[in-house]
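Examination of the molecular architecture
Each chain, letter by letter, is given below.
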Amino acid sequence: MGVRFVCVLLLITGLMLQTLHAEEYWDDEDDAFFAEIEAEYAAAPSHYVADPFEPFNRGMFVVNDRLYFWVLKPAATGWQKVTPSPVRTGIRNFFRNIGAPVRVTNQLLQGKGKAAAAETGKFFVNSIWGIFGLIDASQQLPSLQVPPEDLGQTLGKWGIGNGFYLVLPFFGPTTLRDGVGQVGDFFLHPTTYASGDARGWTAVKATDTINATSFRLGDYEAIKDASLDPYIAVRNGYIQMRMQAIRQ
Amino acid sequence: MQNLLKIFGVLICLIIFPLAASADMGPLETIKVRINDAIALLKDPAYKDADPALAEKQHQELFEHVKGIFDFRTVSMLATGRNWRRFSTEQQNEFADLFAKLLANTYIEKVQDNFRNEEVVFDDETIISEGRAEVSTRVLLSNMEVPVIYRLRNIRNQWRIYDVQIEGISLVQNYRSQFEDFLFRREPAELIDVMKQRIDRLEKDRIQRRKEGRPADTDAEDMLRIL
């Protein structure tokens, strides 16, 4: 009798453990969960963006893809090899710091007085103690860390929609609204005036881009490898990212 | 006989206890434990040598770990949306496995190659509904923070991740846009085939690359040589 009892106990334990470890669960539970999420997605602002120029955009996507692999990536890889990391970080900080007028203006346009004051304070801290912005000295001051704003976000905050999706050669994904914003921000950016002519501006922009890319080599590759249709993945990612930026 | 039963009882308790303990863990605690385990695995000195076989072993171990944290069935169900019902049960299971592999093949290797003792801060948890929660974390990189939000589902008393949101981009919703576009014109079976081919290619590339000891960004290296 004892042996039989142990056998039964073993069997029950085995079954219990099996169900505990099983990957499958009831489908009606799935249905309820599914319905809950679907309702949430339906209630949230849509990530849909009109794309009337899709064939053109896809063409530009391929152009930018080639530009990345043939020009930007080799340049950024070379730059990474010959330049010590603190120098690259310094350059990145410098470019970030000098963009402060764009952020402050847009924070003011969005009525975020406190953020504008914090951003201005950050600019002075970094420019003075951080040696012209080469060091992000403000990092120690959490009260000065505010989300960056640009004109595209300002327009979004004012209720202007994306319009349509657009992929520009060199500049990458944008929308009608954000593209207009980028043009506006261009006139607020100190480098526009400091760099002199168009060639100067291009050189400055190229330095900024190559340097910034040297920190995120491999990111684009991973996204591209992991997606079924990189064009759609990037389009959706861009819209989601911008919506989040506008909410902040 | 009594003794045997007693020993047996203790054994059962020992086996059940860790499961019971994990059942009591809240969403934040679960994420914290699991991510710290993964970081420990990445830091493990046993994998320090640049040996392709070792790197592959670490990759597999990380993959097993990730499979325990995520619930890829739910991820797949949400990423395919209303099209999920067009998949047969076998197709659903196959798809969930493939989706796990696709993500693992691209992101695990990237983490393996780029991990530089980054720290993860676990900020807070929000219970959305009975079976759903959100955990906010930040990854501290050398000179910036990346906010990562995990969404979890309670399955059999265990919190498992069903979506990750990085800088406002939801993984599930990103794939949803791609799968929706694909399944609008084509069949689930075709999607499964395409995923299989992609995973095959990525796996072959990875193993080949490791064998030759090349870094992940070979395209750039080749271009540099040409230039």
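Residues numbered from 1 in each chain as written. Chains lettered and ligands numbered in written order. Predicted model: local features only at pLDDT ≥ 70, side-chain atom pairs only at ≥ 80, totals over all residues. Heavy atoms only, no water.

The name given to chain B in an unreviewed UniProt entry is Phospholipid transport system substrate-binding protein, and the organism recorded there is Desulfobotulus alkaliphilus.

Under the convention used in this document: UniProt positions are given in the numbering used here, feature names are shortened, and annotations may be inferred rather than shown by experiment.
An unreviewed UniProt entry lists chain A under the name Phospholipid-binding lipoprotein MlaA, from Desulfobotulus alkaliphilus. The annotation that UniProt attaches to chain A under Sequence similarities (unreviewed entry) is "Belongs to the MlaA family."

A short note on the overall build of chain A
Under the convention used in this document: Only DSSP runs of H or I with at least four residues qualify as helices, and only runs of E with at least two residues qualify as strands; both kinds are numbered from the N terminus onward. It only takes one pair of heavy atoms within 4.5 Å for two residues to be counted as in contact.
Secondary structure assignment for chain A yields 12 helices and two strands. Its helices and strands taken in sequence order, chain A reads α-α-α-α-α-α-α-β-β-α-α-α-α-α from the N to the C terminus. Restricting the contact set of chain A to residue pairs at least 6 apart, pairs at least 24 apart contribute 71%.

A look at the sheet that holds strand E2 (residues 132-140) of chain B
Hydrogen bonds between backbone groups are what pair the strands of a sheet, and the pairing can be parallel or antiparallel. Residue and element names in this part refer to chain B. We count it as follows: In this analysis, strands are considered paired if DSSP registers two or more bridges between them. Simply put, an axis is a line fit to the C-alpha atoms, just over the touching stretch for a helix, and the angle between two N-to-C directions goes from 0 to 180 degrees.
If you walk across this open sheet you meet the five strands as E1-E2-E3-E4-E5, and the pairing is antiparallel. The two strands at the open ends of the sheet, each matched to only one other strand, are strand E1 (119-129) and strand E5 (169-170). One ladder, built from nine bridges, connects E1 with E2; its direction is antiparallel. Within E2, the position partnered with Ile-127 by the bridge is Ala-133. Contacts from helix H4 (residues 72-80) reach strand E3 (145-155) and strand E4 (158-166) within the one sheet, and its direction differs from that of E4 by about 45°.

Quick notes on the pattern of salt bridges
Defined as follows: The working definition used for a salt bridge is a side-chain nitrogen of Lys or Arg within 4 Å of a carboxyl oxygen of Asp or Glu. Remark: exposure states derive from per-residue accessible area (1.4 Å probe, protein chains only) relative to the maximum for the residue type, with buried under 20%, exposed over 50%, and partly exposed in between.
One pass over the structure, following the stated rule, counts 31 salt bridges over all chains. The residue Arg-153 of chain B makes a salt bridge to Asp-30 of chain A at a minimum N-O spacing of 3.1 Å. Of this pair, Arg-153 of chain B sits in strand E3 while Asp-30 of chain A sits in helix H2 (residues 27-43), placing the two residues on different chains. Note on Arg-153 of chain B: relative accessible area 2%, which makes it buried. Residue Arg-216 of chain A is joined to Asp-219 of chain A by a salt bridge in which the shortest nitrogen-to-oxygen separation is 4.0 Å. Salt bridges here are not isolated pairs; linked through shared partners, they connect Glu-36 and Glu-40 of chain A together with Arg-132, Glu-134 and Arg-151 of chain B.

Points about the pairing of strand E2 (residues 172-175) of chain A
All names here are of chain A. With four bridges connecting them, strand E1 (residues 165-168) and E2 associate as antiparallel partners. Residue pairing across strands places Leu-168 opposite Gly-172, the latter belonging to E2. The antiparallel hairpin formed by E1 and E2 contains three residues in its connecting segment, where Phe-170 sits at a positive phi of about 70°.

Things to note about the packing of aromatic side chains
Stated formally: Think of it this way: a Phe, Tyr or Trp ring, Trp meaning its six-membered ring, pairs with another when their centres are within 6.5 Å, and the plane angle makes it stacked under 30 degrees, edge-to-face over 60, tilted otherwise.
Applying the stated rule across the entire model yields 21 aromatic pairs over all chains. For the ring pair Tyr-165 of chain A and Tyr-238 of chain A, a centre distance of 6.4 Å and an interplane angle of 55° mean the geometry is tilted. Placement of the pair is Tyr-165 of chain A in strand E1 and Tyr-238 of chain A in helix H12 (residues 230-247), with a sequence separation of 73 residues. Accessibility assignment for this pair places Tyr-165 of chain A and Tyr-238 of chain A in one class, buried. Ring geometry for Phe-99 of chain B and Tyr-175 of chain B: centres 4.9 Å apart, planes at 75°, overall edge-to-face. Within this pair, whereas Phe-99 of chain B is found in helix H5 (residues 89-114), its partner Tyr-175 of chain B is found in helix H6 (residues 171-185), the two being separated by 76 residues in sequence.

With respect to the nonpolar core
Nonpolar side chains in soluble globular proteins generally cluster together in the buried interior. Operational definition: Here, the term nonpolar core denotes a set of buried Ala, Val, Leu, Ile, Met, Phe, Trp, Tyr and Cys residues that are joined through side-chain atoms within 4.5 Å.
Residues Phe-95, Phe-99, Phe-179, Leu-191 and Met-195 of chain B are the most contacted members of the largest nonpolar core, which totals 56 residues. When residues in this core are grouped by element, the largest group, eight residues, is from H5 of chain B. Once residues within four sequence positions are removed from consideration, Phe-95 of chain B is found in contact with Ser-76, Thr-80, Trp-84, Phe-87, Phe-179, Leu-191, Ile-192 and Met-195 of chain B. Residues Phe-69, Val-167, Leu-217 and Ile-239 of chain A belong to the second largest nonpolar core, which totals 15 residues.

Some details on the environment of Ile-232 of chain A
Looking at the secondary structure, you find Ile-232 of chain A in helix H12. Ile-232 of chain A has contacts with Arg-58 of chain A together with Ser-177, Gln-178 and Asp-181 of chain B, leaving out every residue within four places of it along the chain.

Let's talk about the packing of H5 of chain B against H6 of chain B
All names here are of chain B. Note the following rule: In what follows, roughly perpendicular refers to angles from 65 to 115 degrees, roughly parallel to angles under 35, roughly antiparallel to angles over 145, and oblique to any angle outside these ranges. If you view the pair so one helix is near and one far, a crossing is left-handed when the near helix is turned anticlockwise from the far one by less than a right angle, and right-handed when it is turned clockwise. Any residue that is not Ala, Val, Leu, Ile, Met, Phe, Trp, Tyr, Cys, Pro, Asp, Glu, Lys or Arg is counted as polar, Gly included; the first ten are nonpolar and the last four charged.
One can describe the packing of H5 onto H6 by two numbers: an axis separation of 14 Å at closest approach and a directional angle of 115°. Considering their axes alone, H5 and H6 lie roughly perpendicular with respect to each other. H6 is crossed by H5, and the crossing has right-handed handedness. Residues Phe-95, Phe-99, Leu-102 and Leu-103 of H5 pack against Leu-171, Tyr-175 and Phe-179 of H6. Broken down by class, the residue content of the contact of H5 with H6 amounts to seven nonpolar, no polar and no charged.

A few points about helix H3 (residues 52-69) of chain B
Residues and elements named next belong to chain B. This is how the line gets drawn: One less than the residue count of a helix, multiplied by 1.5 Å, gives the span that helix is expected to have.
If you check H3, its first and last C-alpha atoms are 26 Å apart, about what 18 residues at 1.5 Å a residue would give, namely 26 Å. Here H3 has its buried residues at Leu-54, Ala-55, Glu-56, Gln-58, His-59, Leu-62, Phe-63, His-65 and Ile-69. Turning to H3, the residues buried within the fold contact helix H2 (27-43), H5, E4 and helix H7 (188-212).

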